[in-house]
Amino acid sequence: MIMKSLVPILALITLVVSRVQAFVSVSVSGNTHVTITGSAVMAKIHEVCKAVAESEGREFNPTGSSPEELLRACLGTATGEVSGAKFRTALNQIYMQNGFVDRDFMDSAPHHFNNEAFAEGRNLIAQGTAAIKANVRTDNLQSARETLGRVCHTLQDFYSHSNWVELGNTIPYPNLIRPDLNIENIADIAMPTCSDCASGTCPNQLLPAILNGKYLTSGYMGLFSSDKPEGKCSHGGETDLSSTQNPRGGISKDGRNADLHNNAVNLASEATLELLEDIRGAVGNKDYLRLMGIARSAVLAFVIDTTGSMANDIAEAKRVTFNIIDSKKGTQDEPSEYILVPFNDPDFGPLIRTTDPDIMKSEISKLKADGGGDTPEMCLSGLQLALTGAPSSSHIYVFTDAPPKDIYLEKTITALIRSTKSTVSFFMTKSRRRRRALKASSQFQVYYDVALASGGQAIEVPKSSISQATDIIVDTSTSALVTIFQCMHAGSVKSFSFLLDESVSNTTIYITGNSLTFNIRSPTGVSQSNTVSNGPLGTIQKVGNLQRIQLNETEMGLWHIDMTTTQAYNIKVIGQSAITFIYDFVEEFKGPHPGYAVIDGRPSAGSPAKLLLTLSGEKGPDVLEVHEVALMKVSGDKVSKGTIEKMGGGDFLVTVKEVPEGEFVVLLKGKDKTFSSLFQRQTTTQMSQSKVTVKAIADSSMLPGQVFKLNFTVTTNGSSGTYTIRARNDKTIPMTHPSTLNLESGGSAQGTVSLTPPADTVSGTDITLTIEAEGPGGSDSNYAVLRLSVLSKVTDLTPPKCEIVDVQGTCYSSSCSSSNWDLSVNITDGKGTGIESISIQQGSGNLTKKEEEDSVMGLYEASCCSTSVTLSAVDKVGNVGRCSYTMKSSAGSRLISMSLPLWTSLLFYVFLCDTLPL
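Notes on the structure follow. (Residues numbered from 1 in each chain as written. Predicted model: local features only at pLDDT ≥ 70, side-chain atom pairs only at ≥ 80, totals over all residues. Heavy atoms only, no water.)

Digging into the overall build of the chain
For step 1, the next point in the chain: From N to C terminus, the chain includes 19 helices and 40 strands.
For step 2, the next point in the chain: Radius of gyration (C-alpha) of the chain: 29 Å, near the 29 Å computed for a compact globule of 918 residues.
For step 3, the next point in the chain: Projecting the C-alpha coordinates of the chain onto the three principal axes gives extents of approximately 85 × 75 × 60 Å.
For step 4, the next point in the chain: Counting the 918 residues in the chain, one finds 58% classified as buried.
For step 5, the next point in the chain: In the chain, 72% of the contacts between residues at least 6 apart in sequence involve partners at least 24 apart.
For step 6, the next point in the chain: As displayed, the chain has an accessible area near 34900 Å², and 49% of this comes from carbon and sulfur atoms.
For step 7, the next point in the chain: One finds the centroid of the 79 positive side-chain charges in the chain at a distance of 4 Å from the centroid of its 94 negative side-chain charges. (Helix = DSSP H or I, 4+ residues; strand = E, 2+ residues; numbered from the N terminus. Rg over C-alpha atoms; globule rule 2.2 N^0.38 Å. Buried < 20%, exposed > 50% of the residue type's maximum accessible area, 1.4 Å probe, protein only. Contact = heavy atoms within 4.5 Å. Areas by Shrake-Rupley, 256 points an atom, 1.4 Å probe, with all protein chains shown as cover. Lys, Arg positive; Asp, Glu negative; His and termini not counted. Charge placed at Lys NZ, Arg CZ, Asp CG, Glu CD.)

What about the sheet that holds strand 25 (residues 692-696)?
For step 1, the next point in the chain: With antiparallel pairing, four strands are arranged side by side in an open sheet as 25-26-30-28. The open sheet has two free edges, formed respectively by strand 25 and strand 28 (735-736), since each of these has just one partner strand.
For step 2, the next point in the chain: Pairing geometry for strand 28 and strand 30 (residues 748-755), over two bridges, is antiparallel. Of the residues in strand 30, the one forming a bridge with Met-735 is Leu-755. (Pairing = 2+ DSSP bridges.)

Overview of the pairing of strand 31 (residues 766-774)
For step 1, the next point in the chain: The buried count for strand 31 comes to nine of nine residues, which makes it a mostly enclosed element.
For step 2, the next point in the chain: Side chains Asp-766, Thr-768, Thr-770, Glu-772 and Glu-774 project from strand 31 onto one buried face, and the interleaved Ile-767, Leu-769, Ile-771 and Ala-773 project onto a second face that is buried too.
For step 3, the next point in the chain: The pairing of strand 31 with strand 32 (residues 781-789) spans nine bridges and is antiparallel. In the strand pairing of strand 32, Thr-768 is matched with Arg-787.
For step 4, the next point in the chain: Turn length for the strand 31-strand 32 hairpin, with the two strands adjacent in sequence and antiparallel, is six residues, and the turn residue Gly-777 shows positive phi of about 80°.

Considerations on the nonpolar core
For step 1, the next point in the chain: In terms of nonpolar packing, the biggest core is built from 61 residues, with Ile-45 and Tyr-159 touching the most fellow members.
For step 2, the next point in the chain: Of all the secondary-structure elements, those providing two or more residues to this core are helix 2 (33-55), helix 3 (67-75), helix 4 (85-104), helix 6 (118-137), helix 7 (141-161), helix 9 (258-283) and helix 10 (285-291).
For step 3, the next point in the chain: For this core, the element with the highest residue contribution is helix 9, accounting for twelve residues.
For step 4, the next point in the chain: Those residues in contact with Ile-45 that lie beyond four places of it in its chain are Leu-70, Phe-87, Leu-91, Leu-289, Met-292 and Ile-294.
For step 5, the next point in the chain: By size, the runner-up hydrophobic cluster in this structure holds 53 residues, among which are Ile-339, Ala-415, Phe-444 and Tyr-583. (Core = buried A, V, L, I, M, F, W, Y, C linked by side-chain atoms within 4.5 Å.)

Considering the state of the cysteines
For step 1, the next point in the chain: A full pass over the atoms with the stated rule returns six disulfides.
For step 2, the next point in the chain: The partner cysteine of Cys-194 in its disulfide is Cys-233, sulfur to sulfur 1.9 Å. Residues Cys-194 and Cys-233 are joined by a disulfide whose S-S torsion is about 95°; by sign, that bridge is right-handed. Here Cys-194, found in the loop between helix 7 and helix 8 (208-212), pairs with Cys-233, found in the loop between helix 8 and helix 9; they are 39 residues apart in sequence, far enough to count as distant.
For step 3, the next point in the chain: With relative accessibility at 0%, the residue Cys-233 sits in the buried group.
For step 4, the next point in the chain: The disulfide bridge from Cys-816 ends at Cys-865, spanning 2.1 Å between sulfur atoms. Taking the torsion about the S-S bond as the criterion, the Cys-816 to Cys-865 disulfide, at about 80°, is right-handed. Of the two residues, Cys-816 is situated in the loop between strand 33 (801-808) and strand 34 (820-828) and Cys-865 in the loop between strand 37 (856-863) and strand 38 (868-875); the sequence distance between them amounts to 49 residues. (Disulfide = S-S within 2.5 Å.)

Thoughts on the packing of helix 11 (residues 311-327) against helix 12 (residues 357-365)
For step 1, the next point in the chain: The geometry of helix 11 relative to helix 12 is characterised by a closest axis approach of 10 Å and an angle of 170° between their N-to-C directions. What the angle tells us is that helix 11 and helix 12 run roughly antiparallel. Taking contact as the criterion, the partners of Ala-317, Lys-318, Thr-321, Phe-322, Ile-325 and Asp-326 in helix 11 are, on helix 12, Pro-357, Met-360, Lys-361, Ile-364 and Ser-365.
For step 2, the next point in the chain: For the contact of helix 11 with helix 12, the per-class residue count stands at six nonpolar, two polar and three charged. (Axes fitted to C-alpha atoms, helices over the stretch in contact; angles between N-to-C directions. Parallel < 35°, antiparallel > 145°, perpendicular 65-115°, else oblique. Nonpolar A, V, L, I, M, F, W, Y, C, P; charged D, E, K, R; others polar.)

Brief notes about the sheet that holds strand 22 (residues 651-656)
For step 1, the next point in the chain: One open sheet accounts for five strands, arranged 17-16-18-22-21; its pairing is antiparallel. Of all the strands in the sheet, the pair left with one neighbour each is strand 17 (595-598) and strand 21 (643-648). Pairwise comparison of adjacent strand axes, ignoring direction, gives a mean angle of 35° for this sheet.
For step 2, the next point in the chain: Direction of pairing for strand 16 (residues 580-589) relative to strand 18 (residues 609-616): antiparallel, over a ladder of seven bridges. Paired with Thr-580 across the bridge in strand 18 is Ser-616.
For step 3, the next point in the chain: Of the strands in this sheet, strand 16, strand 17 and strand 18 are in contact with helix 4, which crosses strand 16 at around 10°.

Thoughts on helix 12
For step 1, the next point in the chain: Three or more residues of helix 12 are buried, namely Pro-357, Met-360, Lys-361 and Ile-364. Looking down the long axis of helix 12, one finds its buried residues gathered within 100° of arc, a one-sided arrangement.
For step 2, the next point in the chain: Packing partners of the buried residues in helix 12 comprise strand 1 (299-305), helix 11, strand 2 (337-343) and strand 3 (352-354). (Arc of directions from axis to C-beta.)

Structural data, given as structure tokens:
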């Protein structure tokens, strides 16, 4: 069975929210939606990484069982550090949304296959899977991950909440992920399904007529009412009010019956693997790995003013881009993605996103400085596109010499920064035409505020010196970048300390401000003042208002920066290290399956702050200890320590009772047991609490040309009065919403946002919607950020047909390298949308294609050292057909696997290949 192959992979699972349960734990380890999804996700990643390595002719040998070691082996042996942060973040996006189904759709029967809602539940899976495939094709990976988490939850609940197991089935139900097949033999609404169980724990309540007739049924769940149709089974459990009505009891396998529970877990795991295999076939191996967060961590994102005075800046951005691309090629520091957003006035965009460095070179070479007669430009609109288009935790660099015309977007930009945890740095250059404006205009203050909120830099520099300032881009466009310390201070004589550990390299200190005087001290007492450009500790480079200190070497221990200036300044210390952490503020939710959910917005004031924190290191979290997690004021003047609860898999639940007032960041201290070295890490995104909350749930995709309505709720524990509502999206799609809502303290009010995407919107387009609520007088505010997908209605439900028509060649075990074999296939799509792509899913040979009138002929050629192949044929809406074949190398025998539907498990293919001789 497939479950056997999962056993050694279980150690790889990231147990992000082990308290989120719909499969209730029945043992110490327990089975939850997260563990089921995690084991399947990691097993499939392992399989795909191995296939990619084989196709590239390299070994795939993870050095251990941690996700980080799997990531390193999957990326290859290129030089440079590898950070697990983005990988862990991508996995968390899947797992968190998996748990959200129990919070956001608690009483929805289709989401849980309750109340015999089989057709509706299957439609959720089909629509979600189509959205995932469309999102990946348009490179909207976060939306795809979030939808995947929700779809996995619904798919898995079928096996726990229905009687599929009791009917004697030992394989998953293929019709759930095959939209061209119907759900069959569902018990009629008037058909009794269960006998009464006074104790509530009877081993089998299903009526003989249901079992003998193989009728499909599921338990009714009554969270708010005990009503259910006469004679129907209940879900069961303390929270199910219907289970007190005859027939009493319940048939769910969420943990009440160990044997059936384990069977349900096994089938749910296999079904999740089949779903993942379907998605993999549709998007291809490399895009599947990108979907799962397998990519180098560096992303290069530019937002560039293209008005007439920006010629020098554009030339410098081009030089830096080309230098990074050329110098880091073939290393782990090579960017995995490139983002470019030009802006002018009144135009901005489009966002150009590519994984191809040559395309990035071409696009940035096309930029020309032109137009822009008045001073303000559409800078924040361009930045909004970059923040919504770039992966989370990206570094974004803005080049401009003008204040923003669209300053009304400031709160939206701050909300997006907090949501994505991305860092924004501004290069503000002075031209003759705009030098006076740069010094005098208070509108430039927004750039300083945005940079500070994100942990970035706001650098003032003459155009003639911009090439020196852009060293910061080279510093931060690296894999495994970590922030060790950062603070902002109003200006006074003060000493700051930070800890460098054995794993840190390439340490750089940035101090931003005017008229700066400082002294740096090493752990051994060696000092260097700001007046010494090349000293015993490092090289100091002054450009505009920035001083960049590149340390000669990373001496382990406690370092000090003694500031003696009276003006405001920012300090930031960065380096490269695999030891890092990611975090989210969370809140507890109740219901039949309680858990923790990520807060979309600022955490609530007046209550302790809770964080879910994931630790990552080169060898995984097992060799790392967490000693302290605290919230620190951005000035560094106050630190509020939290209580730490270890949750397994490198995850920790942290509770901070005394949250600092105003803006704060997260500080972590711990120990690397490998080197017995203490370490310190810090976040850069500023956060604060709010008495306002904004809640919104997107439960479906948008259709091109049709109105989409989204309800939201604003709640306040602050002032009563009129709250200002702002809603904006990053695609300028027409929308309406209430401009105000009236709230009483302790109360809430509801509003609706209506959006109408144009009829020609490409299926899979991702729209980021930001809803903001601001209290009377602007004293308090909060926000919700939602990712909405536009998905065209899919009418082609039939996968392409892939048929093996001929096999040539003979392979001998004694000399595989001196012999070859080839496979001919015929691929058709009948009356479907047509073949979009044909690719090698597994195998290291070459595939050539020739289009015929109604089909595509394919020829696969390979060495006898590579004897297995799987070919995927994908139509234009993501349906997948597949051919698999294995050539035996013993005495020239050959075995074949003919065309099979995609839902059939890979092990079944191998079984056929091993038993059907030609």
